[in-house]
Amino acid sequence: MDSIHIQREFFASGATRSVEYRIRQLKSLYYIIRINEEEICAALKKDLGKSRFEAYSTEVGIVLTQIAYTLKHLRRWARPQRVPTSFLQFKGRGTVAPEPYGVCLILAPWNYPFQLSIAPAVAAIAAGNCVIIKPSEYAPATSEVISKIFNQNFEQRFCRVVTGKADVAKSLLMQRFDYIFFTGGTETGRQVMEQAARNLTPVTLELGGKSPCIVDDTAVIPMAARRIIWGKCLNAGQTCVAPDYVYVHRKAYQPLVESMKRWIVEFYGEKPEQNPEFCRIVNDRHFERLCGLLEGCEILAGGGINREERKLAPTLVAEPTAKHPIMGEEIFGPILPIIPYDDLEEVIRAIKERPSPLALYLFTRDIRTEKKVIRAIPFGGGCVNDTVLHLAGEAMPFGGIGESGMGSYHGKAGFDAFSHKKSILKSSSVLDIGLRYPPYGENQRKERVTRWITTRK
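The notes below deal with the structure included here.

What follows is about the packing of helix 12 (residues 344–352) against helix 13 (residues 367–376). It is at 11 Å that the axes of helix 12 and helix 13 come closest, and there the two elements cross at 20°. Judged on the interaxial angle alone, helix 13 and helix 12 are roughly parallel. Here helix 12 and helix 13 pass one another in a crossing that is right-handed. Each of Leu344, Glu345, Ile348 and Lys352 in helix 12 lies in contact with helix 13, whose residues at this interface are Thr369, Lys372, Val373 and Ala376.

Shown next, in the form of structure tokens:
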């Protein structure tokens, strides 16, 4: 594509390597987002039915905070770092200098269409790259706003937004990029990685999976229920780190379910599917998929459907079997299976039999349980006595492991993801010890050592 060629030429000019240039672009982006804040929130309302508060707190606000944090630390991140040298590097000076990859492609999803398009772009710009962003076609109003923000305010030889359907993304992946950042489903992630491998292009894959939640018998049940329902119902469950299913100790099962029911009503009313502040499912296909998952399930609470608005009430499901489809795929909606357990070891074993999740949540007041679960189960990141909020910290890397992704970003981790670490050794031109040079015969070495000592005197 011409835009890739133009960006490659601009990158070769060295303009983006200037830290001052990067800072100016990030400051411009910050103020442009502030100016267009209402339009962004309106687009998110149109695409996903997000309330003004949720649109700001989960999308616009997170991006603005990421930009501010990056601006505060960018000069230090971009500075070459002195590193220790070994004996073989005697009298040498070692440094590691971060440098940009070049032209980067960002493929964004539809569930947080603004945040997950812009936050990786902030990291890429901070690292000194040129960027092409492909937002999701399933969030058309937000994609249009993102296109306007970048294409009308930044040089396209530096940063450009390309909109369109899946064929546009496939066409982009056929091109040679210097780095690819993808957020989306695991199967599509495999396809992205396969295409990237053709050009040996490095990638970050932010995927998903079934993120478990464990509630033991020492947990503060009302608080656990409140935080689980909040994390699950955020964006109507269309969150890659939403609690996907809950294991709860049998002693706490009934109290947790009753408390969850109460918080659903407290948050969204008796008919959440009619609540204008509760998000809608993104499209008909996903809506029908979620409705299909409820077939054959024992519903403990919820289940209300509003087809006209594509809204599904938060729904608690009792003890689905391991073979039920609801336990075989990432739910990505406001349906939450609740499974009682008696033995924590069995829970740990069951979770480990599945692909490593993007997130794990544990509610307990027992430090031994906390240590056991965190050490035993591989997962991308998570919370103890909370949900979702681990991704809100700029200093905490966010990313998956195994089938839930590779690589991480946010804050410095994002800057590092889009930077190549160039190691440089500057050796002394005054002192040159001959011991490393051939010939290596014993007598020759003794003669060279003696001669070297004599000349130094």
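Okay, the nonpolar core next. Core analysis: the largest hydrophobic core is formed by 139 residues, its most contacted members being Ile33, Phe150, Val215, Val246 and Met260. The biggest single contributor to this core is helix 5 (residues 115–126), with nine residues. In contact with valine 246, other than residues within four places in its own chain, are Cys213, Val215, Ile228, Leu256, Met260, Leu336, Pro337, Ile338 and Ile339.

Take the sheet that holds strand 15 (residues 359–363) next. The strand order 10-13-14-9-8-15-16 describes an open sheet built from seven strands, whose pairing is mixed. Taken across any chain shown, the strands that pair with only one partner, and hence form the sheet edges, are strand 10 (298–301) and strand 16 (381–384). Ignoring which end each strand starts from, the neighbouring axes of this sheet average 25° apart. Summarising the sheet, strand 9 (residues 245–249) and strand 14 (residues 335–341) pair through four bridges and their orientation is parallel. Within strand 14, the position partnered with valine 248 by the bridge is proline 340. Across the sheet, helix 10 (residues 250–268) is in contact with strand 8 (212–215), strand 9, strand 10, strand 13 (315–318) and strand 14; its angle to strand 9 comes to roughly 130°.

Bringing the sheet that holds strand 6 (residues 179–183) into the picture now. Across the sheet, six strands lie side by side as 5-4-3-6-7-18; this open sheet has mixed pairing. Each having just a single partner strand, strand 5 (159–161) and strand 18 (405–406) make up the two edges of the open sheet. Bridge analysis of strand 4 (residues 130–134) against strand 5 gives three bridges, and the strand direction is parallel. Bridging across to strand 5, valine 131 finds its partner in cysteine 159.

Here we come to the side chain of serine 211. Structurally, serine 211 can be placed in the loop between strand 7 (203–206) and strand 8. You can call serine 211 buried: its relative accessible area is 0%. In this structure the side chain of serine 211 is engaged in a polar contact, spanning 3.2 Å, whose partner is the backbone nitrogen of alanine 359. The contacts of serine 211, once residues within four sequence positions are left out, are Cys240, Val241, Ala242, Pro243, Asp244, Tyr245, Pro357, Leu358 and Ala359.

One pass over the structure, following the stated rule, counts two cavities of 30 Å³ or more. For the largest cavity, the calculated volume is near 60 Å³. Gln66, Thr70, Trp77, Ala119, Val122, Ala123, Ala126, His410, Gly411, Gly414 and Phe415 are the residues that line the largest cavity. Mapped onto the lining of the largest cavity, the elements with two or more residues apiece are helix 4 (52–78), helix 5 and helix 14 (411–417). The dominant element in the lining of the largest cavity, judged by the number of residues it contributes, is helix 5, at four residues. When the residues that make up the lining of the largest cavity are grouped by side-chain class, the tally is six nonpolar, five polar and no charged. As a volume, the second largest cavity reaches approximately 30 Å³.

Cut-off values and rules
Residues numbered from 1 in each chain as written. Predicted model: local features only at pLDDT ≥ 70, side-chain atom pairs only at ≥ 80, totals over all residues. Heavy atoms only, no water. Axes fitted to C-alpha atoms, helices over the stretch in contact; angles between N-to-C directions. Helix = DSSP H or I, 4+ residues; strand = E, 2+ residues; numbered from the N terminus. Parallel < 35°, antiparallel > 145°, perpendicular 65-115°, else oblique. Left-handed = near helix turned anticlockwise from the far one by under 90°. Contact = heavy atoms within 4.5 Å. Core = buried A, V, L, I, M, F, W, Y, C linked by side-chain atoms within 4.5 Å. Buried < 20%, exposed > 50% of the residue type's maximum accessible area, 1.4 Å probe, protein only. Pairing = 2+ DSSP bridges. Polar contact = N/O pair within 3.5 Å; in protein donor to acceptor, adjacent residues only side chain to side chain. 1 Å grid on protein atoms, 1.4 Å probe; cavity = no way out; pocket = protein on both sides within 12 Å on 5 of 7 lines; lining within 4 Å. Points joined across faces, edges and corners; volume = space filled by probe spheres on them. Nonpolar A, V, L, I, M, F, W, Y, C, P; charged D, E, K, R; others polar.

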